[in-house]
Amino acid sequence: MRDHYDVIVIGGAAAGLSAALVLGRSRRSVLVVDSGEPRNARAAGVHNYLGREGASPAALGAVGRDEVAAYGVEVTTGRIVAASATDGDGVDPVGFSVSLESGAVVTARRLVVASGARDVLPEVPGLAEQWGRGVVHCPFCHGWEIRDQRIGVLVTSPIGAHQVLMFRALSEDVTAFVTDLALVDDTTLDGFAARGVAVVTGPVTSVVSDGERLTGVSLASGEFVALDALAAASTVEAQVGFLAGLGLEATDQFMGDHRFAGALTVDGAGQTSVRGVYAAGNVAAPMATVIASAAAGTQAGAALHGDLVQADLAVALAARAAA
Ligand SMILES: Cc1cc2nc3c(=O)[nH]c(=O)nc-3n(C[C@H](O)[C@H](O)[C@H](O)COP(=O)(O)OP(=O)(O)OC[C@H]3O[C@@H](n4cnc5c(N)ncnc54)[C@H](O)[C@@H]3O)c2cc1C
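Residues numbered from 1 in each chain as written. Predicted model: local features only at pLDDT ≥ 70, side-chain atom pairs only at ≥ 80, totals over all residues. Heavy atoms only, no water.

It is worth spelling out the sheet that holds strand 11 (residues 198–201) at this point. A sheet is described by the order of its strands in space; here five strands give the open sequence 8-15-9-10-11, paired in parallel fashion. Whereas interior strands pair on both sides, the edge strands pair on one side only; in this sheet they are strand 8 (135–136) and strand 11. Pairing of strand 10 (residues 174–178) with strand 11, which is carried by four bridges, proceeds in the parallel orientation. Considered in strand 11, the bridge of valine 178 is made with threonine 201. (Pairing = 2+ DSSP bridges. Helix = DSSP H or I, 4+ residues; strand = E, 2+ residues; numbered from the N terminus.)

Below is the structure:
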């Protein structure tokens, strides 16, 4: 690892590696720092990724790391714990310093933030252990794999009713577990009835598995309901706390009433509110899929390179004028 790079990419999964790829191919010196915890790590396969359909997240990441390394990009395992702006080099007054958990400090002319988002799960015993396997959240990511099976949907937030109908499109055997009737109005319940969705009210007290596979849920009444899969909504939070020193603008995003917390504000090219800091993937678009995150990374990397081309020009013109 050097002391200084053109670009430091924070996070080395779909978004970060895609930005690194376009930057490496543009002959920029690039360091990718990645703590190795992509959001979909628990899933067996990545779906809706044309060309690599069903590849495991780990396999896709390994291919990506090899591909960027072929263009001279350095990828290091580590966690960035802080970042701040520097004065740049005078003619180009934009620059950054990042601190790694290891104690290392590295500087760069520009940053790409691709640190993703984390899922805060409903607090039901046994649910976290099955997350990404027997407990799913996204019909596009996991739906095909559980088609025609016994699917429960935990309605603990306003998005739950929507999830019920999405999973009902994949199986005729869907049960909505409504923890709080205030989350569903009569129209919604009519819709469930019309689509043949069973409704169970009251809290689910635990998600039960046989040690490997989810087998069902237990209710406060003591009843056990056998299931093959349970859909649940997480609270999605952008991973940005460690970047407080940059003063990046962030806003909540919404799908209906469901909140995605603290996503970085970016323009169409991935430029954040702080000049020279770009962001891509779930950290700026919490609902983006893997392929959409990769595309955003490519876009941000390309825009950042264009930004550096202009900065290089300004430096060259200043040197020429001084000669
Ligand atoms: C269970 C599950 C299954 C999913 N399945 C699919 C699917 O099949 N298809 C699909 O399209 N989408 C799927 N998704 C959505 C998918 O996970 C996201 O679209 C994708 O991960 C976003 O990519 P990203 O690069 O923005 O972030 P991430 O993949 O989350 O990568 C962020 C990276 O940044 C690193 N990082 C974070 N903070 C730091 C730091 N401070 N320093 C250094 N590194 C850091 C993390 O370790 C991680 O490696 C799934 C999501 C979940 C939860």
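Back to the write-up after that little detour.
In terms of burial, strand 9 (residues 151–155) is a largely internal element, five of the five residues being buried. Burial along strand 9 is two-sided: the residues Ile151, Val153 and Val155 and Gly152 and Leu154 are all buried. Sheet topology note: the strand 9/strand 10 ladder contains five bridges and is parallel. The residue of strand 10 that forms the bridge with valine 155 is valine 178. (Buried < 20%, exposed > 50% of the residue type's maximum accessible area, 1.4 Å probe, protein only.)

Now for the packing of helix 1 (residues 14–25) against helix 2 (residues 57–69). It is the contact of helix 1 with helix 2, at a shortest axis distance of 9 Å, that shows an interaxial angle of 20 degrees. As judged from the angle between their axes, helix 1 and helix 2 are roughly parallel. Where helix 1 crosses over helix 2, the two elements pack in a sense that is left-handed. Along the contact surface, helix 1 presents Leu17, Ala20 and Leu21, while helix 2 presents Gly61, Gly64, Arg65, Glu67 and Val68. Looking at the contact of helix 1 with helix 2, its residues break down into four nonpolar, two polar and two charged. (Axes fitted to C-alpha atoms, helices over the stretch in contact; angles between N-to-C directions. Parallel < 35°, antiparallel > 145°, perpendicular 65-115°, else oblique. Left-handed = near helix turned anticlockwise from the far one by under 90°. Contact = heavy atoms within 4.5 Å. Nonpolar A, V, L, I, M, F, W, Y, C, P; charged D, E, K, R; others polar.)

Among the nonpolar cores identified, the biggest contains 26 residues, and Ile8, Val98, Leu111, Val113, Leu246, Val277 and Val283 are the most heavily contacted of them. Of all elements in the fold, only strand 1 (4–10), strand 2 (30–34), strand 4 (80–86), strand 5 (95–100), strand 6 (105–113) and strand 19 (277–279) reach the threshold of two or more residues within this core. Per element, the largest residue contribution to this core is four residues, and it comes from strand 6. Judged by nonpolar contacts, the second largest core, of 18 residues, contains Ala15, Tyr278, Ala300 and Leu304. (Core = buried A, V, L, I, M, F, W, Y, C linked by side-chain atoms within 4.5 Å.)

The next point concerns the site of the ligand. As a matter of local geometry, the ligand sits amid 37 residues, with Asp34, Ser35, Glu37, Ala288 and Val290 nearest to it. Between histidine 47 and the ligand, the recorded distance is 2.8 Å, taken from a backbone N or O atom to an oxygen atom. Between alanine 288 and the ligand, the recorded distance is 2.7 Å, taken from a backbone N or O atom to an oxygen atom. When isolated, the ligand has an accessible area of 1,000 Å², and the protein chains bury 98% of it. Within the residue set of the shell around the ligand, elements represented by two or more residues are helix 1, strand 2, helix 4 (139–142) and helix 7 (290–322). In terms of residue class, the shell around the ligand is built from 15 nonpolar, 17 polar and five charged. (Near = heavy atom within 4 Å. Polar contact = N/O pair within 3.5 Å; in protein donor to acceptor, adjacent residues only side chain to side chain. Areas by Shrake-Rupley, 256 points an atom, 1.4 Å probe, with all protein chains shown as cover.)

Turning our eyes to something else, we now look at the pattern of salt bridges. On inspection of all chains with the given rule, the structure shows 11 salt bridges. Its salt-bridge partner being arginine 79, residue glutamate 37 comes within 2.9 Å of it at the nearest N-O pair. Taken together, the residues span a long stretch of sequence, with glutamate 37 in the loop between strand 2 and helix 2 and arginine 79 in the loop between strand 3 (74–77) and strand 4 at a distance of 42 residues. When its relative accessible area of 51% is taken as the criterion, glutamate 37 is described as exposed. The partly exposed category is assigned to arginine 79, whose relative accessible area is 33%. What you see here is one network of salt bridges that share partners, running through Asp6, Arg28, Asp92, Arg109, Arg110, Asp307 and Asp312. (Salt bridge = Lys/Arg side-chain N within 4 Å of Asp/Glu carboxyl O.)

Our next topic: unusual backbone geometry. Even without being glycine, asparagine 48 reaches a positive phi, approximately 65 degrees. With respect to the helices and strands, the residue asparagine 48 is situated in the loop between strand 2 and helix 2. Backbone geometry places aspartate 148, a non-glycine residue, at a positive phi of 65 degrees. Take aspartate 148: it is sitting in the loop between helix 4 and strand 9.

With respect to the secondary-structure elements, alanine 62 resides in helix 2. Once the C-alpha coordinates of alanine 62 and alanine 13 are considered, the two residues, 49 residues apart in sequence, prove to be 9.4 Å apart.

Let us look at the side chain of threonine 175. Within the secondary structure, threonine 175 sits in strand 10. A residue is classified by how much of its surface remains accessible, and threonine 175, at 11% relative accessible area, is buried.

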